[in-house]
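Listed below, chain by chain, are the residues.
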Amino acid sequence: MSQRFPLKPMCLLVLQALACHAYAADPVDAAADDSAAVAAMAGPVQTVEITGRGQSRQVQNINKADLAEALPGTSPLKVLEKLPGVNFQSSDPFGAYEWSTRFSIRGFNQNQLGFTLDGIPLGDMTYGNNNGLHISRAISSENIGNVSVSQGAGALGTASSSNLGGTVQFFTLAPTDTRGLTFSQTFGSDSTSRTFARVDTGLINGVFKASLSGTRQRTDKTKGSGGQDQDQWNSRFVFNFGENSLTGFLNYSDRKEIDYQDMSLEMIKRLGYNWDNYQPDWNRAVNAAKGIFTGGVNSLDDAYYSAGGLRKDTLGGLTLDLQLTSSLNLKTTVYHHDNKGQGHWYTPYVKTDANNPISLRTTEYSIGRDGIISDVTWEMGNNTLSAGLWGERNNHTASRNYYGVTGPADTMYYLSNPFATDWKQNFITTTSQYYVQDTLALMDGKLKINAGFKSLDVDIKATNLVGTRAAGTLNAEKKFLPQAGFNYALSSDDEVFGSASKNMRAFQPGVTGPFSQTQAAYNAGVGTLKPETSVNIDLGYRFKRDNLQGSLAVYNARFDDRQLSVATCAGIVGCPSTLVNVGKVDTKGVEAIAVWKFNREISWFNSYTFNDSKYKSNYMDGTNLVAVSGKTVADAPRQLFNTEVSYETGAWFARAGGKYTGKRYYTYMNDAGVPSFWLANLSAGYKMKSLDFVKDLTLQVNVTNLFDKQYVSTIGSNGFQATDPNGTAQTLLTGAPRQVFITLSGKL
């Protein structure tokens, strides 16, 4: 019988000590928060696959049960915030409002991570579209089957040119073998209505099955005026022939959302957490544009009339999976992504004419991506050899335009024929990547060693069509990016693992990045411009008992040639940014996760992260030295703690928990930041086996921000600052107040 180690008492003490440390680390912030309570999303008892067993990297998976019983429409990124190392923020209760969405792992921000859907790259999912799309547009949350998170470094074959840190892989829920209709209807706060319906054909002639779903969501903002709406269609088919399969999908999304006003610390103090733009008060916006302020407003930038974002996406792909022999598999995917988008901002800085001091400023996007991914796996004795390639061509255009306005009107549609254009650029980005890896199993499979490398080459050709922004060509290339790891089974339930990898992030086209500078600034710096690189090291231990499972990991990351885009004016003005190389960043930390299943009904989940990310080099901003060496990386909380209790018995279920987020800085000099906070959520529901012809009928209640906490969610919405001693930088978004939703779902 395999030896097992008595871990439960030790883990209980360690995690509770870490939790107390997280709460006590910042006594001023903690004392200011009277809602250090618990909460989270409803679901069956413990559905997180904690361990990622057999992996040489720190990996966790969340399966369909957790995703399905979150608030419908919730971004899967928000569901992932419970995992160690993950920091997620958004100013809406669904976590889907893209201007506010911020997702980071171990101090690496969203555009330094890799994201894929069924292996297809989603780019870095930033708001200013350039190489992908957000997961909330790529697929309806109800159609996601599971999510895999690798906190340190993704698998070598991950199709991403930005994953300096971890990767997040989303997988679509396959069509079912049984014919049926799945539906859900959600109503709730702020006139929310979300309708989802999915039809599955079932398995036809034993070889073919398909699904088609439609989603319609309408909801008002939690403050101010305007809605955040989305319509989606998702379709998928699977055709099996022998041991082989052909899979295809086509997804469409049409999203429009009215923005919240970006805040500063000074504005929050003066105007309050509930402050927002002027809409629908057009006259007040016009008066403000003329310098006539009322109601505590003392600045042109305290509010604008309105702002919003429009996005239309079509994403499709075909995958041929061939089992060539019993030991040789070849899998190839081709894909296409088409996008158009506009970001609207009513600006008092540019007049429509002499009689109208406001115009409508847009940032307009288009994307046309085509790509191919192919992987081969060969089982050969104790060796598993794998190799693959990824190629993509992306045609992206971005522009800044102005349209005339004469009064309040519905402008949330795609505008054309502007009266002025500041700049317009086109980017052709060609990406090629290949990798080779071998996994060797020794000691009767107890020890697994993997080693390999990838080669990444990304070329950008930027053409300046209008204005003075930079044009030119940039290449980011690394022929040898190695990765190695091991996994050793101490027993059938205990294992240790470790990995090391080197990664590169390619230069970014589009609204930000090197080409967002003036031509003169670009020419002056391009000679010394280097792509960002990182080295990540993980070492950890996983365990599993009858009523306890979890893991403990330590990590270190060295980040070289970090590029920072420094804002040079208010976001609405849209000045060219300054790109600076801040040199090295060092990150080290520890992650702990454990789940106790006390009995069939009750489970207790805990995760804790201590992350120390610091700049290790000063940088020059023009002729000024910015002494950031030793400062904490912006938007990288030192501590994160999540706890939740789940209960399920018969037809009833409930889940309650809370997330602690440590203090976060939004300046590189660490002279301004937002305090730590706890945020609580609660879910409960009742499952009926059947009601006449309806099966699995479920009534569920979700309460977000249970104790109606006032807090700052997103930081850096308008970029980060070197310093902000007076707290006037408008780059913060406040969190949503308490929201209540009721969902009825079932199957026919």
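For the structure, see preceding data.
Computed from a predicted structure; not experimentally measured. (Residues numbered from 1 in each chain as written. Predicted model: local features only at pLDDT ≥ 70, side-chain atom pairs only at ≥ 80, totals over all residues. Heavy atoms only, no water.)

Q: Looking at this structure, how should I read the overall build of the chain?
A: Within the chain, the secondary structure is distributed over eight helices and 38 strands. Taking 748 residues into account, the globule formula puts the C-alpha radius of gyration at 27 Å, and the chain, at 25 Å, falls close to it. Based on the C-alpha atoms only, the size of the chain along its principal axes is roughly 85 × 60 × 60 Å. In the chain, buried positions account for 57% of the 748 residues. Restricting the contact set of the chain to residue pairs at least 6 apart, pairs at least 24 apart contribute 69%. Surface accessibility of the chain: about 28,400 Å² in total, with carbon and sulfur atoms responsible for 57%. Charged side chains in the chain number 68 positive and 66 negative. The centres of these two groups are separated by 1 Å. (Helix = DSSP H or I, 4+ residues; strand = E, 2+ residues; numbered from the N terminus. Rg over C-alpha atoms; globule rule 2.2 N^0.38 Å. Buried < 20%, exposed > 50% of the residue type's maximum accessible area, 1.4 Å probe, protein only. Contact = heavy atoms within 4.5 Å. Areas by Shrake-Rupley, 256 points an atom, 1.4 Å probe, with all protein chains shown as cover. Lys, Arg positive; Asp, Glu negative; His and termini not counted. Charge placed at Lys NZ, Arg CZ, Asp CG, Glu CD.)

Q: What should I look at first to understand the environment of A500 in this one?
A: Following the sequence through the fold, A500 ends up in strand β21 (residues 494-505). Sequence separation of A500 and V535 is 35 residues, and the distance between their C-alpha atoms is 7.1 Å. Sequence-distant contacts of A500, defined by excluding residues within four places in its chain, comprise P482, Q483, A484, N536 and I537.

Q: Looking at this model, I keep getting lost on the pairing of strand β17 (residues 383-404). Mind explaining?
A: Regular strands place their side chains on alternate faces of the sheet. Note that strand β16 (residues 359-380) and β17 share 22 bridges and pair antiparallel. From the neighbouring strand, L360 faces β17, where its bridge partner is Y403. If you look at the hairpin formed by β16 and β17, you'll find two residues sitting between the two strands, and G381 has a positive phi there, around 65°. Pairing of β17 with strand β18 (residues 420-442), which is carried by 20 bridges, proceeds in the antiparallel orientation. Bridge pairing links R400 to W423 in β18. (Pairing = 2+ DSSP bridges.)

Q: It is not clear to me how the nonpolar core should be interpreted in this structure. Could you clarify?
A: Generally speaking, soluble globular proteins have nonpolar side chains that are buried together. Counting 78 residues, the largest nonpolar core has F103, L122 and F170 as its most contacted members. A total of five residues in this core trace back to one element, the largest contributor, which is helix α7 (residues 282-289). Among residues more than four places away in sequence, those in contact with F103 are L77, L80, V86, N87, F88, F108, N109, Q110, L113, F115 and V168. Counting 14 residues, the second-largest nonpolar core is a separate cluster that includes L456, L481, M504 and A506. (Core = buried A, V, L, I, M, F, W, Y, C linked by side-chain atoms within 4.5 Å.)

Q: Got a minute to help me understand the pairing of strand β22 (residues 532-544) in this structure?
A: Inspection of the sheet shows β21 paired to β22 by 12 bridges, in the antiparallel sense. What sits directly across from K502, in β22, is V535. Of the strand pairs in this sheet, β22 and strand β23 (residues 548-560) are connected by 12 bridges, and their pairing is antiparallel. Among the inter-strand pairings, N536 is bridged to a residue of β23, identified as A557.

Q: Even after reading the chapter, I still don't get the side chain of R545, so can you show me in this structure?
A: By the secondary structure assignment, R545 is in the loop between β22 and β23. Judged by its relative accessible area of 11%, R545 is buried. Among the polar contacts made by the side chain of R545, one reaches the side chain of D494 at a distance of 3.0 Å. (Polar contact = N/O pair within 3.5 Å; in protein donor to acceptor, adjacent residues only side chain to side chain.)

Q: I keep staring at the layout of surface pockets and nothing clicks. Help me out?
A: Over the atoms rolls a probe the size of a water molecule, and its path tells where empty space is left. A volume near 1,000 Å³ is recorded for the second largest pocket. Around the second largest pocket sit 44 residues that line it, and A68, T182, D696, S745 and K747 are the ones nearest its centre. Those elements that place two or more of their residues in the lining of the second largest pocket are α3 (64-68), α4 (76-79), β9 (180-188), β10 (192-200), β34 (677-691), β35 (694-704) and β38 (739-747). Sorting elements by how many residues they give to the lining of the second largest pocket places β9 first, with five residues. Residue composition of the lining of the second largest pocket, grouped by class: 17 nonpolar, 15 polar and 12 charged. (1 Å grid on protein atoms, 1.4 Å probe; cavity = no way out; pocket = protein on both sides within 12 Å on 5 of 7 lines; lining within 4 Å. Points joined across faces, edges and corners; volume = space filled by probe spheres on them. Nonpolar A, V, L, I, M, F, W, Y, C, P; charged D, E, K, R; others polar.)

Q: Whenever I open this one, the packing of aromatic side chains confuses me. Can you help?
A: Each pair of aromatic rings is reported with the distance of its centres and the angle of its planes. The full count for this structure, using the stated rule, is 28 aromatic pairs. Each ring, one from W282 and one from Y305, has its centre 5.0 Å from the other, and the planes form 80°; the classification is edge-to-face. Residue W282 is found in helix α7, and its partner Y305 is found in the loop between α7 and β14 (307-325); the two are separated by 23 residues along the sequence. You can call W282 buried: its relative accessible area is 10%. Residue Y305 is classed as buried on the basis of its relative accessible area, which comes to 5%. Considering the side-chain rings of F677 and Y711, the 4.6 Å spacing of their centres and the 25° angle between planes classify their relative orientation as stacked. One end of the pair, F677, is in strand β34; the other, Y711, is in the loop between β35 and β36 (712-715), with 34 residues separating them in the sequence. The rings of W99, Y127, Y304 and W345 are connected pair by pair, giving a single aromatic cluster. The ring of Y555 has R106 lying over it, and the distance from NZ or CZ to the ring centre is 3.9 Å. (Phe/Tyr/Trp six-rings, centres within 6.5 Å; stacked < 30°, edge-to-face > 60°. Lys NZ or Arg CZ within 6 Å of the ring centre and 35° of its normal.)

Q: Just checking my understanding: could you explain unusual backbone geometry for this structure?
A: Working note: non-glycine residues mostly have negative phi, and peptide bonds are mostly trans. A cis amide bond links Q279 with the next residue in sequence, P280, at an omega value of 10°. Locating P280 in the fold gives a position in the loop between α6 (265-271) and α7. One non-glycine residue, D190, lies in positive phi territory at about 55°. Turning to its location among the elements, D190 is positioned in the loop between β9 and β10. With relative accessibility at 24%, the residue D190 sits in the partly exposed group. Here the phi dihedral of N417 falls at roughly 60°; this positive angle occurs in a residue that is not glycine. Given a relative accessible area of 71%, N417 falls into the exposed group.

Q: Can you walk me through α7 in this structure?
A: Working note: α-helix, 3.6 residues per turn, so residues spaced by three or four point in the same direction. Every buried residue belonging to α7 is among W282, A285, V286, A288 and A289, and all of these are buried. On an axial view of α7, the arc spanned by its buried residues comes to 160°, and they lie on one face. Buried residues along α7 sit in contact with β15 (328-347). Following α7 by one or two positions, G291 adopts a phi angle in the positive range, close to 90°. (Arc of directions from axis to C-beta.)

Q: Can you help me understand the pattern of salt bridges in this one?
A: Here the idea is simple: oppositely charged side chains can pair when their charged atoms come close. Taken as a whole and assessed by the stated rule, the structure comprises 28 salt bridges. One salt bridge in this structure joins E648 and K687, with 3.7 Å as the shortest N-O distance. Note that E648 is positioned in strand β30 (residues 639-649) and K687 in strand β34, a separation of 39 residues in sequence. Salt-bridge contacts for K747 lead to D696; the nearest nitrogen and oxygen are separated by 3.9 Å. Of this pair, K747 sits in strand β38 while D696 is found in strand β35, placing the two residues 51 residues apart along the sequence. The partly exposed category is assigned to D696, whose relative accessible area is 41%. The network of salt bridges with common partners includes K588, D612, K614 and R638. (Salt bridge = Lys/Arg side-chain N within 4 Å of Asp/Glu carboxyl O.)

Q: Help me understand a nonpolar patch on the surface in this model?
A: Taken together, the side chains of L318, V334, I372, L389, Y434 and V436 define a hydrophobic patch exposed on the protein surface, amounting to about 480 Å² of accessible area. Along the chain, L318 turns up in strand β14. (Patch = residues over 30% accessible without salt bridge, like charges linked within 9 Å, V, L, I, M, F, W, Y side chains within 5 Å.)

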